[in-house]
Amino acid sequence: MPSIRVPRRGAAYPRAVAVDVATPVFQGPFDLLLHLILQDQVDLYEVRLSDIVDAYLAELERMEGMDLELATEFLLIAATLIELKSKRLLPDDGDVDLDDELALWEERDLLLSRLVECKTFKDAAVAMATIANDAGRSYPRLVGVEERFLGLLPDLLAETTPDDLRAAFLRAVAPKPVPRVHIDHIHQIRVTVTDAVAELLDELPRLGRATFAELTADLVERLEVVVRFLAVLELYKQGWIDLQQPEALGALTVVWTGRPDELELDVDDLGFVDAYDG
Amino acid sequence: MTEEHPEQAFAGEGAEERELRRAAEALLLVTEEPLTAELLAQLLEISVQRTEALCSELAAEYDATDRGFQLVRVAGGWRYQTHPDLAPYVERFVLDGQSGRLSNAALETLAIVAYKQPISRAQIAAIRGVNVDGVMRTLAQRGYVDEVGRDPGPGQAVLYGTTPTFLEKLGLNALDELPPLGEFVPSADVYEALEKGLRPDALDAEPDEPGTDEGADVDEDVRPVDDPGE
Amino acid sequence: MTEEHPEQAFAGEGAEERELRRAAEALLLVTEEPLTAELLAQLLEISVQRTEALCSELAAEYDATDRGFQLVRVAGGWRYQTHPDLAPYVERFVLDGQSGRLSNAALETLAIVAYKQPISRAQIAAIRGVNVDGVMRTLAQRGYVDEVGRDPGPGQAVLYGTTPTFLEKLGLNALDELPPLGEFVPSADVYEALEKGLRPDALDAEPDEPGTDEGADVDEDVRPVDDPGE
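Calculation notes
Residues numbered from 1 in each chain as written. Chains lettered and ligands numbered in written order. Predicted model: local features only at pLDDT ≥ 70, side-chain atom pairs only at ≥ 80, totals over all residues. Heavy atoms only, no water. Helix = DSSP H or I, 4+ residues; strand = E, 2+ residues; numbered from the N terminus. Buried < 20%, exposed > 50% of the residue type's maximum accessible area, 1.4 Å probe, protein only. Contact = heavy atoms within 4.5 Å. Areas by Shrake-Rupley, 256 points an atom, 1.4 Å probe, with all protein chains shown as cover. Core = buried A, V, L, I, M, F, W, Y, C linked by side-chain atoms within 4.5 Å. Patch = residues over 30% accessible without salt bridge, like charges linked within 9 Å, V, L, I, M, F, W, Y side chains within 5 Å. Salt bridge = Lys/Arg side-chain N within 4 Å of Asp/Glu carboxyl O. Lys, Arg positive; Asp, Glu negative; His and termini not counted. Charge placed at Lys NZ, Arg CZ, Asp CG, Glu CD. Buried area = accessible area lost by both parts, 1.4 Å probe. Pairing = 2+ DSSP bridges. Axes fitted to C-alpha atoms, helices over the stretch in contact; angles between N-to-C directions. Parallel < 35°, antiparallel > 145°, perpendicular 65-115°, else oblique. Phe/Tyr/Trp six-rings, centres within 6.5 Å; stacked < 30°, edge-to-face > 60°. Expected span 1.5 Å × (residues − 1). Nonpolar A, V, L, I, M, F, W, Y, C, P; charged D, E, K, R; others polar.

Q: Go over the overall build of chain B with me, naming the residues and quoting the values.
A: Along its length, chain B carries 9 helices and 5 strands. Expressed as a percentage of its 230 residues, the buried residues of chain B come to 53%. For chain B, contacts bridging at least 24 residues in sequence account for 45% of all contacts bridging at least 6. A total of about 10200 Å² of accessible surface is found on chain B, and carbon and sulfur atoms cover 48% of it.

Shown next as structure tokens:
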């Protein structure tokens, strides 16, 4: 499974949180989130959300016989995180839609209960490991009956022919039919925030300024747009771009401001590395 | 009788008791999986209740006489096993000693199956937040989980449960010997930390100036979040 | 000591004697082949002479306490076996619940061994998708399959093959008389299990990495099993 490496934090991050553990490997987004919040006591604001969202996309990629319901669930959680984070990143214009606000709280609570559930089973697993280790100190007797009794056993191959054997082999190696919903379209749209950031870093210097609609004109899938938006937020937070939105719900314009002066960093140092080993 | 066998543990046992005890010892010696009280009762031609009592007495006797083996009740049956004290000796001898150590991923998946069975792979994945196809395959190969049915819903998803091998692995007689799941529900501290970590409202509603290091300090007086669960 | 264990058979034994006796009991319980005094002595870290004396004392004790099992010296080693008196019970146990035909699971497992030997249990499990330990034990007990070597890879997995008994039962002179498989194209999973091999320890360490089975190719020139008893 693709392990998630938390990239070292670059100086562009407001607080160098203790995520720069050598190369902790996490089992998916919940594991990563739980670690960040509980062990490192990181606020969501400081979490590199792209890591988590990319982790979700990686999980979608890995699914073999997965149903759409689960895919949707993963996307919903990723979307909730994006929404929670973007709400904190963007200026609060005081003009809050109460319904949106409530919906967000609801989604937040869903995510919270998922994390609590996940944590519960993680702790149960630790207890189970202890039980298994204790039990593993005793070895059962597996010797069976003495040879003098073996003569009593009926000849199990009495009615078996070589052709039966051949048929049994072919049966054993035949692919097992696994009912599954094809989610190939999800595979096709897999794109990481890291990729999206890289594309923006390529495009924006040439364009100077562009509306978000223009930047996403060639994208078909909604997920791609979401990822592109997250990449824009990432760049904004790190000071590479400025965002202009003169009127509420109006066009969002992205302005390239260039490399932040005070930061003599290259792309890698900013943490634009792959967030997981694909 | 007692004259003949001065060291006999069940000094007062009659001829019939002795025969049953000895037959039980012989049968337990040759069984390769835990021998259920039902089958043992059938072979001894006595009641299940009496069989259970017989096994319990035998187990207690081995304990009292400080044997290197134990008679234990595991996965719904009785079996002989080595005393845990002696693991250092046995591990020196048994080739695949402690081979079955499970990874964290396997343990977490197994815990979910154990407590929530019957359960589909998708449901497990939803709880763990990761794909579990590979882990489940390994667990099935090792005999700890098995298909137990199909979801009657539209997807007809395969449902999984734990096996007797799983119980043997944990040395449990039945699933209800697992500690109750309630013991593992995160404490208030942990819950609070998670809730705080996922606050949707901005700290002080002022995003940082890009590139500056200040202003992102976590606000100390975070306003309390209403607990949605209460 | 004697106060703690009033029923203890060796009332006068010291702590060291007790530990040795218990360790011997544990080791004798799990040995599949008669355990030689030499190997037992080595495991207990005492002299062969003392080991022999210990086993003889134990055997006498089981006799005196009228157990259903005996500790006997067979084929140059010591092992537990059922008391001859109790053979009728054991016979009933052996005959009970034994059907006259191999189950489909057993037949498929046997077929895999026949066509793909030498092969490890982990490889068979990977092909069949379920644990095959029990089935393999049955097949070995019936004398249809046997250990033929060890995977030279790090796991040192035991490799199995079919026996002369198997050929005889099927009326074949040699393995190449098995019906050809023809245009058989294995699925990806099966191919992987067969061609690349699966280290059992790799399964243990990382059960959720279905795609990675680095190395551990089953080597063609399998080296013979080192018999630990010799």
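Q: Please set out the nonpolar core residue by residue, giving values where relevant.
A: Counting residues in each nonpolar core, the largest one holds 60 residues, and the members touching the most others are Leu44(B), Leu71(B), Tyr80(B), Leu44(C), Leu71(C) and Tyr80(C). Discounting chain neighbours no more than four positions away, the residues touching Tyr80(C) are Arg141(A), Leu29(B), Phe69(B), Glu25(C), Leu28(C), Leu29(C), Tyr62(C), Phe69(C), Gln70(C) and Leu71(C).

Q: So what's going on with a negative patch on the surface? Residues and values would help.
A: Taken together, the side chains of Glu83(A), Asp97(A), Asp99(A) and Asp100(A) present a region of like negative charge at the surface. Tracing the backbone through its elements, the reader meets Asp100(A) in helix α4 (residues 98–135).

Q: Describe the interface of chain B and chain C, naming the residues involved and giving the relevant values.
A: The interface is formed by 58 residues belonging to chain B together with 57 residues belonging to chain C. Both faces combined, the contact of chain B with chain C buries some 5100 Å², and carbon together with sulfur accounts for 55% of it. The largest share of the area that chain B buries against chain C comes from Arg22(B), Phe93(B) and Gln141(B), three residues that together contribute 14% of it. Between Glu32(B) and Arg137(C) there is a salt bridge, with its nearest N and O atoms 2.8 Å apart.

Q: Tell me what's going on with the pairing of strand β4 (residues 241–244) of chain A, and back it up with residues and numbers.
A: For a regular strand, side chains alternate in direction, first toward one face of the sheet and then toward the other. All names here are of chain A. Of the two faces of β4, only the one carrying Ile241 and Leu243 is buried; Asp242 and Gln244 on the other face are not. Here 4 bridges tie β4 to strand β5 (residues 253–256), and the two strands are oriented antiparallel to one another. Paired with Leu243 across the two strands is Val254, which belongs to β5.

Q: Tell me about the side chain of Ser120(B), residues and numbers included.
A: As for its placement among the helices and strands, Ser120(B) is situated in strand β3 (residues 119–120). Among the residues examined, Ser120(B) registers a relative accessible area of 6% and is labelled buried.

Q: Mind laying out the environment of Ala125(B), listing which residues take part and the relevant values?
A: Mapped onto the secondary structure, Ala125(B) falls in helix α6 (residues 121–128). When the C-alpha positions of Ala125(B) and Thr109(B) are compared, they lie 8.7 Å apart, and in sequence the two are 16 residues distant.

Q: Describe the packing of helix α1 (residues 28–39) of chain A against α4(A), with residues and values.
A: Residue and element names in this part refer to chain A. For the pair α1 and α4, interaxial distance at closest approach is 10 Å and the crossing angle is 90 degrees. Regarding the angle of α1 to α4, the classification is roughly perpendicular. Where α1 abuts α4, its residues Phe30, Asp31, Leu33, Leu34 and Leu38 lie against Leu111, Arg114, Leu115, Cys118, Lys119 and Lys122.

Q: Before we move on, could you go through the packing of aromatic side chains and cite the residues and values that matter?
A: All names here are of chain B. Counted under the stated rule, the structure contains 12 aromatic pairs over all chains. Centre to centre, the rings of Tyr62 and Phe69 are 5.2 Å apart; their planes meet at 75 degrees, and the pair counts as edge-to-face. Taken individually, Tyr62 and Phe69 each receive the classification buried, so the pair is uniform in this respect. For the pair Phe69 and Tyr80, a centre-to-centre distance of 5.6 Å together with 85 degrees between the ring planes defines the contact as edge-to-face. Of this pair, Phe69 sits in strand β1 (residues 69–74) while Tyr80 sits in strand β2 (residues 77–82); the two residues are 11 residues apart in sequence, bridging distant segments of the chain. Each member of the pair, Phe69 together with Tyr80, is buried.

Q: How would you summarise unusual backbone geometry if you had to cite specific residues and measurements?
A: Glycine aside, a negative phi is what most residues show, and trans is what most peptide bonds show. Residue Pro118(B) is reached from Gln117(B) by a cis peptide bond, and omega for that bond is -5 degrees. Among the structural elements, Pro118(B) can be located in the loop between α5 (104–116) and β3. For Glu45(C), which is not glycine, the phi dihedral falls at a positive 60 degrees. Along the polypeptide, Glu45(C) turns up in the loop between α2 (37–44) and α3 (48–64).

Q: An account of α1(A) is needed here, citing residue identities and associated values.
A: Residue and element names in this part refer to chain A. Over its 12 residues, α1 runs 16 Å from end to end, which matches the ideal 16 Å to within 8%, given 1.5 Å per residue. Judged by how many residues are buried, α1 sits mostly within the fold: 11 of 12 residues are covered. Those residues of α1 that sit buried are Gly28, Pro29, Phe30, Asp31, Leu32, Leu33, Leu34, His35, Leu36, Ile37 and Leu38. Looking at the residues trailing α1, positive phi occurs at Gln41, about 50 degrees.

Q: Quick rundown of the pattern of salt bridges? Include the residues and the values.
A: Per the counting criterion, the structure on display carries 37 salt bridges over all chains. Lys116(B) is the partner of Glu117(A) in a salt bridge, and the nearest nitrogen-oxygen pair spans 3.4 Å. One end of the pair, Glu117(A), is in helix α4; the other, Lys116(B), is in helix α5, on a second chain. Here Arg21(B) makes a salt bridge to Glu25(B), at a shortest N to O gap of 3.4 Å. Taken together, the residues span about one helical turn, with Arg21(B) and Glu25(B) both in helix α1 (residues 15–30) at a distance of 4 residues.

Q: Just give me the short version of the packing of helix α2 (residues 37–44) of chain B against helix α3 (residues 48–64) of chain B, but keep the residues and values in it.
A: Residue and element names in this part refer to chain B. Taken N-terminus to C-terminus, the directions of α2 and α3 make an angle of 105 degrees; their axes are 8 Å apart at the nearest point. Judged by the angle between their axes, α2 and α3 are roughly perpendicular. For the pair α2 and α3, the contacting residues are Ala37, Glu38, Leu40, Ala41 and Leu44 in the first and Val48, Thr51, Glu52, Leu54 and Cys55 in the second. In the contact of α2 with α3, the residues fall into 7 nonpolar, 1 polar and 2 charged.

Q: Let's hear about the sheet that holds strand β5 (residues 158–162) of chain C: which residues, and what values?
A: Paired through backbone hydrogen bonds, the strands of a sheet run either parallel or antiparallel to each other. Residues and elements named next belong to chain C. Taken together, the 3 strands give an open sheet; going across it, the order is β3-β5-β4, and neighbouring strands pair in antiparallel fashion. Two strands close off the open sheet at either side, each with one partner strand: β3 (119–120) and β4 (145–150). The pairing of β4 with β5 spans 5 bridges and is antiparallel. By the bridge assignment, Arg150 is partnered in β5 with Val158.

In short, the description is geometric, and any link to function would need to be established separately.
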